[in-house]
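Inside the fold
What follows is each chain in one-letter form.
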Amino acid sequence: MDNNWIVLLQQQTYLAEIMETNQKTARFGLVLSRQDSEIILKERNHALQQQRRVEFGLGITTKIIYEL
């Protein structure tokens, strides 16, 4: 149970990092809502679990957003 707050804090940090991509992408017409960002984060976590992988930080997630 002690680790749950760490995971929650980490997820909030990742969510904020995804939302920060809006600062660069807004000028190109791409703005992610909080709900969009939560979906991206959820799917990222799901993909990592399925592939049995571990990433430190957001890894390639923000890079993919910038490429779109």
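Going by the structure above, here's the rest.
Read on for a plain summary of the structure.

The rules we used
- Residues numbered from 1 in each chain as written.
- Predicted model: local features only at pLDDT ≥ 70, side-chain atom pairs only at ≥ 80, totals over all residues.
- Heavy atoms only, no water.
- Salt bridge = Lys/Arg side-chain N within 4 Å of Asp/Glu carboxyl O.
- Helix = DSSP H or I, 4+ residues; strand = E, 2+ residues; numbered from the N terminus.
- Buried < 20%, exposed > 50% of the residue type's maximum accessible area, 1.4 Å probe, protein only.
- Axes fitted to C-alpha atoms, helices over the stretch in contact; angles between N-to-C directions.
- Parallel < 35°, antiparallel > 145°, perpendicular 65-115°, else oblique.
- Left-handed = near helix turned anticlockwise from the far one by under 90°.
- Contact = heavy atoms within 4.5 Å.
- Nonpolar A, V, L, I, M, F, W, Y, C, P; charged D, E, K, R; others polar.

Thoughts on the pattern of salt bridges
Close approach of charged atoms lets side chains of opposite charge pair. A full pass over the atoms with the stated rule returns three salt bridges. Put simply, glutamate 38 and arginine 34 hold a salt bridge, and the shortest N to O gap is 3.3 Å. Remark: arginine 34 and glutamate 38 occur in helix α3 (residues 34-51); sequence separation between them is four residues, near one turn of the helix. When its relative accessible area of 38% is taken as the criterion, glutamate 38 is described as partly exposed. The partly exposed category is assigned to arginine 34, whose relative accessible area is 44%. Here arginine 53 ties to glutamate 55 by a salt bridge, and the two come within 2.8 Å at their closest N and O atoms.

Some thoughts on the packing of helix α1 (residues 4-20) against α3
Relative orientation of the contacting elements α1 and α3 amounts to 125°, with a least axis distance of 9 Å. Of the possible angle classes, the one that applies to α1 and α3 is oblique. Crossing angle aside, the handedness with which α1 passes α3 is right-handed. Between α1, through Gln11, Gln12, Tyr14, Leu15, Ile18 and Met19, and α3, the contact on the second element is made entirely by Arg34, Ser37, Glu38, Ile40, Leu41, Arg44 and Asn45. Classifying every residue of the contact of α1 with α3 gives six nonpolar, four polar and three charged.

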